[in-house]
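Residues per chain are reported as follows:
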Amino acid sequence: MANFLAQFQTIKNTSDRLVIAVEDVSDLWPTIKTAFEERLPFKRALLNNKTGNPVFVETLPAEFILTTEARLRSRFPQEQLLFWFREPYATVVLVTCEDLDEFKTILKPRLKLIVQNDDREWFIVFVSKAHPSNDQTSKMAKKVYAKLEADFSSKKRERCCKYDMYCPEANFWEDLESKITECIRNTLDRRVQFYDDEIRKLSEQRLMPVWNFCNFFILKESLAFMFEMAHLHEDALREYDELELCYLETVNTGKKRDFGGVDQGDDQAALMNPGNKALTQIVLDDSFREFEFRQYLFACQAQLLFKLNRPVEAASRGYLFIISFSKSLAWHESVLPFSMREVWVITACLALNDATTSHYEDGLVAPDVEKEFYRLTGDLYSLARVKFMRLAYLVGYGSDIERSPVNSASLSLLPWPKAAVWPLLPPDASSDVLEKEKLILQTTPRAKHFGIQRKPLPLEPTVLLREANRRRASLSAGNMFEMFDGRPGTIDGSGLDASTRMSSPQKVRAGSMSRTNSSPGNFDSSVDRPMRLAEIYIASEHALKQTISNTELLKSLSSLEEFEQKYLELTKGAANNYHRSWWSRHGVVLDGEIAAVSFKRGNFDQAAKSYEKVCALYAGEGWQDLLAEVLPNLAECQKILNDEAGYLSSCVRLLSLDGRLFATKEREAFQSEVVRLAHSEMKDPVHVDVSSLITFSGNPGPPLELCDGDPGTLSVTVWSGFPNDITLDSISLTLMATFNADEGIKALKSSSAIVLHPGPNTITLDLPPQKPGSYVLGNLTGQVGQLRLRSHSFSKVGPADSDDFMSYEKPAKPILKVSKPRALVDLDAAFSSALLINENQWVGILIRPLNYSLKASVLHIDTGPGLEIQDSHVIEMESYADPSQNEDKHVQGDGAQKGSLNPEKKFEYLNLVDGKIEFPDWASDISSILWVPIRAISDELSRASSSVATRRQSIVDGMRTIALKLEFGISHNQIFERTLAVHFTDPFYVTTRVTDKCHDGALLLQVALHSEVKATLTIYDAWLDLQDGFVHTNGGTPSLSFFPLVISPSSKVGILFSICLDKENAEGAAQEKPESILNIKYGISGDRAVGAHQPVLDESSGAHSFQDLIFRSAITLQRPVLDPCLALGFLPLPSNGLRVGQLITMKWRVERLKDLDEIEASKHNGEVLYEVNANSESWMIAGRKIGHVSLSPEQGSRITISVLCMPLVAGYVRPPQLGLPDVDQTNISCKPAGPHLVCVLPPALSSSFCIPVNSSA
Amino acid sequence: MIVCVAVVGNQNNPLYIQSFTEADDALKLHHIVHCSLDVVDERVNNPKKSGPMLNEAFLGLLYPTDNYRVYGYLTNTKVKFILVTTDLDVRDADVRNFFRKFHAAYVDAVSNPFHVPDKKITSRSFAERVSTIVKSFGLSSTG
């Protein structure tokens, strides 16, 4: 059956559509041919696919062929069966007849004869030539047609249709098409069934020795081809897939066969060209050569895929095919020409790309499929690129291939071609070798920029020199003989032939050896000594020239420029396609390779752009090792382009990279570039982010705490990643308030240049007063010449890890806390008790710092009216141990600790200068008391009170104020103002009372002295200077034996004076001394920390002695009423007593004891002025307090004055008193004579009442 | 032979790369690992394609090149493990097994309280463990 192969292929090549046979019974075809063929190809034909499911075929091409034509006639029945796919799929019988008899006698038997062959699908088209106007003929035709139908159509199947030549029925063509399609469908089904059965039969024999793949192939491909003709591409593709599977199975399990691929031109992949070689050329005895046949199968599949409009699938299958085929080539590499595999892959990739891209239209597929397509295209380009580089390396262009990671990754993992024998040097190549050698010597390894020393990445799996020589050396002596033995035979068969046993290495050798034989000496020497590199290159080049048949590829390898051109083309192809796919990383990396070429060609602008992309890719994801490889290139471009900003930034980025990636020397070179540029004449300042190079942090520990309004100094650790010291002209650091990001950014600036050493540096910055809140470090900017460095990252503790590119996410630790305004210090009076008035007294001012240093504080003292400070006086300051704290310390009780906890009492004298005192240092943190000598001046004489004249005391009397202003804080920015009230008083308060009236007229005057101060008073002497009208009975001095009389605080003593009325001077004309003066000589011993104390010694006046203190108090003595004119009597109160809240009428009776003289009477007009005095705290007066009442001037006239009152407090209180202001006291006789009290009961329960609120104020 | 193993963080940043070649050419392996992230990304972003593998950490063969193979493994936290081998005939089961062990070693390493998440793994014991795993790779199948 394999003999039919050639025939099969010719048939396949000639027939390309379904055939419909036309049995032209009545010679009608020439007239209707045009109309029929116009219907072709059929639209939306309904066919069945292999599984029997209906499928609409959009266009079904077909061809009408008359049965009488040679094409259908001259076939042998056997052929018909074998190539059944080309036989007609339907038979159209064309008849016409206008006579019933004629039909019956001639036409019908003939038709019967035609249609009796059951194999054929047939139907009859009755062509009516009758003109519609000709009723007769058309009626006849109808009759004949009716007869025809009755005879040939069955109920199951309509086999007839009628075609009116002049006016075809509207649905005729549809009817015709459906009938033809039906026929085709039925035929197709039957034939598919047939082929299927045959194939199954063959498949079952697959493991038997008789099995012949060619037969199977012909059947399978016939089926596939039939499907293809019927435009059932999907089914056709499936058949090819099955065919491929089956073939691979035979290849893998079968015996060793000739692989193929040694023919001229086989190096060019034929995977898109099924007709590359005739099948007869590749046939083995029962199968096909793998090399050609697999490509053939793929080509058929690819064409079907393109017909199915699935170029993406073609690309994806193609890629896998190339990979797997390349593996097969590797298996058979030893029999293939040198580097055949590489060459084939290159051509295959390019051919596949050309085919798929020409069939691919953008936007027709889903986006992800599109991306996949571009990825595949990119992959194919990339694969071709790698193989191309390998070839280029073999011919000696290796020094021009960038030793980048991507090239190294692809090339160094790619094994060398495993030719059975490494190509030998052609004999006439010595001049080429010399030239090559010169070239090798000339090319210096490209130095990296910045003098970076790095071992170049390998582009070869093993050293080529060794590999090539090893492969040659592997020829043992025995092999060598074989070589020569095989020679004669090989020379014979050196041409293209199908002889299978002939192995390819021999053929390769044949080429070279036939020449080497001409100069055997050269040959021998080249075998004996190892080949030099130049020789290897030349030998490879020579071998490749024999392998490669593609002129374009040969040209690309012919010179360096051509190589570069092709290399660029492939790289760009890969990169551009990757960019349109998901694989952007691949694309960007290849951009870097393009950039390298651009750089070499001097297109620095383009190179810089591409390098930038690559750097951004690596930097973005933190692949520093890779970045370190590319960044110097970018920097170099920028340097050449004079892009100072970019260059600086690149240098800084280089410095920022992990230290292990560069040697110290290299890093120093980067830094010197940075510094050099920074100080060069750049037009504009350049801003560079150095966040990973210079990091900064607050010092470990709690944040700096400041009080509101205080300046301070902030200490920050700056970690410099520069390899050497770097001098920053200035540095500035921003603080960000955590509470409010908008306004809280404050910049701190250093005033002077700062040298940063490598590693951590501590710098301090002045901190102006900040708003309250907490602050974190913002960013750091430094300036070097025209270069502005800016760092916004900060490390938490110590130096940052250099791979710390995500450090921004760390929560920032507050570095500074400025507390809300609060009391920082307290000034207070050291005590609250009264001091002696008119004496120099120590006023204690207690200064208590509240967790705040009062260092170098200044206190302004401004005394109010009635106070004076002697400037000459020394002011004392002593430390003050808070009693409450002391107690705590005592509780702690440990003796050893006590000393340290209870520091020594500090004491110091200070001077008041311009009303200011400066504090000593020791007082900055501890409480202290400032003792200021102050004298309160009061001209008033103290007045004694008697039982009659009550004491009127106001708290304001002895009050003086001292205004204090404390300036403190680091720059006296804090101010605390306070006004202290100090109470001054006389030492004593005197009350007097006449205790007894003796018979001899002497009066015993009791003087009670109340101590007013918290100090012990000692009375040394006391005497009374009596006013006029009184005299002492015993000379006026009290007995000395009483003295000294000691009065403890808040106690009182009494002294009795015996006096009598001075009767001699009773009618003394002028009252010179209206008041008596009590003189008391006393001493005081008190603690100034408590209150009144001994007056401060006034050094200027000097003579003052402690005991010389004199207290004087005025006492008013009243002579008894001698000449009463009016009697004033307090009328008794109701017996049921007084009660708080109850109104009561107070009554007084006024009676005239004697007549008034006329002058007096006229003056008073018979009226008396009265006034009711009452303590407002105890009473509420309801009526008029002051008024006139008429009282006749005659003796005995009387009147009662009543006033409505309400008592407000319970207890014994003084009742309201009635006074007569117009009348001299001496003329009024009162009853009761002295002050008296009345009893007020508490209010009845559950009654409400009011009392004045201000009573206590 | 395994030539390189790598751990890549969820930001596609390298956390650990160890090559097992004698030559000083780790950089090319960096490149391979880095580029293989494209494939991982593609698989992750294209759930349709990964299909039934959706719930599996093992991503399988990433690259069908003809000279080396790259396998991937993706954890729930989007940490990627990459394996580069020059063996062209590797059983999937072996690779799976390798990744399982590697994952366990990684989990132990990052559980160290002194390890900063998303930082390079500098633990020496991790490196030792990884090299043991690499050495034992494929032994179970042959021996």
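Please read all numbers here as calculations on a predicted model, not as lab measurements.

**Quick look at the overall build of chain A**
Per the secondary structure count, chain A includes 31 helices and 51 strands. Across the 1257 residues in chain A, those meeting the buried criterion constitute 49%. Long-range contacts, defined as pairs at least 24 residues apart, comprise 78% of the intrachain contacts of chain A with a sequence gap of at least 6. Approximately 60500 Å² of chain A is accessible, and the part contributed by carbon and sulfur atoms is 51%.

**Quick word on the overall build of chain B**
Counting secondary structure elements, chain B contains five helices and five strands. When its helices and strands are written in sequence order, chain B yields β-β-α-α-β-β-β-α-α-α. In chain B, which comprises 143 residues, the share counted as buried stands at 51%.

**Comments concerning the sheet that holds strand 16 (residues 759-767) of chain A**
Residues and elements named next belong to chain A. In spatial order, the strands read 9-11-16; together these three strands make up an open sheet with antiparallel pairing. Of all strands in the sheet, those with a lone pairing partner are strand 9 (694-698) and strand 16, marking the two edges. Direction aside, neighbouring strands of the sheet carry axes that sit 30° apart on average. When strand 9 meets strand 11 (residues 712-720), the two strands line up antiparallel, connected through five bridges. Directly across from isoleucine 694, in strand 11, lies its bridge partner serine 720.

**Focus: the confidence of the model for chain A**
All names here are of chain A. Summarising the model, chain A shows a mean pLDDT of 79, and 85% of its residues fall at 70 or more. Across residues 795-809 the pLDDT falls below 50, and counting only partners more than four positions away or on other chains, this stretch makes 28 contacts in the model. When the criterion is pLDDT under 50, residues 887-902 qualifies, and its contacts beyond four places in sequence or with other chains add up to five contacts.

**A short note on the nonpolar core**
In a soluble, globular protein the nonpolar side chains are often hidden away together inside. Residues and elements named next belong to chain A. Formed by 265 residues in total, the largest nonpolar core has its most connected members in Val125 and Phe217. With 14 residues, helix 14 (residues 367-394) is the largest single contributor of residues to this core. In this structure, phenylalanine 217 is in contact with Leu5, Phe8, Ser222, Leu243, Leu279, Phe288, Phe293 and Tyr296, ignoring residues within four places of it in sequence. Among the nonpolar cores identified, the runner-up in size contains 41 residues, and Trp922, Leu930, Ala936 and Leu964 belong to it.

**Things to note about the interface of chain A and chain B**
Each partner contributes residues to the interface: chain A has 41 residues there, and chain B has 36 residues. Between chain A and chain B, a total of about 3500 Å² is buried, with carbon and sulfur atoms accounting for 59% of that surface. The largest contributions to the chain A side of the interface with chain B come from Leu413(A), Arg585(A) and Trp623(A), which together make up 22% of the buried area. At the surface where chain A touches chain B, the tally comes to two salt bridges. Between Asp41(B) and Arg585(A) there is a salt bridge, with its nearest N and O atoms 3.1 Å apart. Here chain A and chain B share eight residue pairs in polar contact (both at pLDDT 80 or more) between them. Here the element with the most residues in the side of chain A that touches chain B is helix 15 (residues 405-412) of chain A; it accounts for six residues.

About the criteria used
- Residues numbered from 1 in each chain as written.
- Chains lettered and ligands numbered in written order.
- Predicted model: local features only at pLDDT ≥ 70, side-chain atom pairs only at ≥ 80, totals over all residues.
- Heavy atoms only, no water.
- Helix = DSSP H or I, 4+ residues; strand = E, 2+ residues; numbered from the N terminus.
- Buried < 20%, exposed > 50% of the residue type's maximum accessible area, 1.4 Å probe, protein only.
- Contact = heavy atoms within 4.5 Å.
- Areas by Shrake-Rupley, 256 points an atom, 1.4 Å probe, with all protein chains shown as cover.
- Pairing = 2+ DSSP bridges.
- Axes fitted to C-alpha atoms, helices over the stretch in contact; angles between N-to-C directions.
- pLDDT = per-residue confidence, 0-100.
- Core = buried A, V, L, I, M, F, W, Y, C linked by side-chain atoms within 4.5 Å.
- Buried area = accessible area lost by both parts, 1.4 Å probe.
- Salt bridge = Lys/Arg side-chain N within 4 Å of Asp/Glu carboxyl O.
- Polar contact = N/O pair within 3.5 Å; in protein donor to acceptor, adjacent residues only side chain to side chain.

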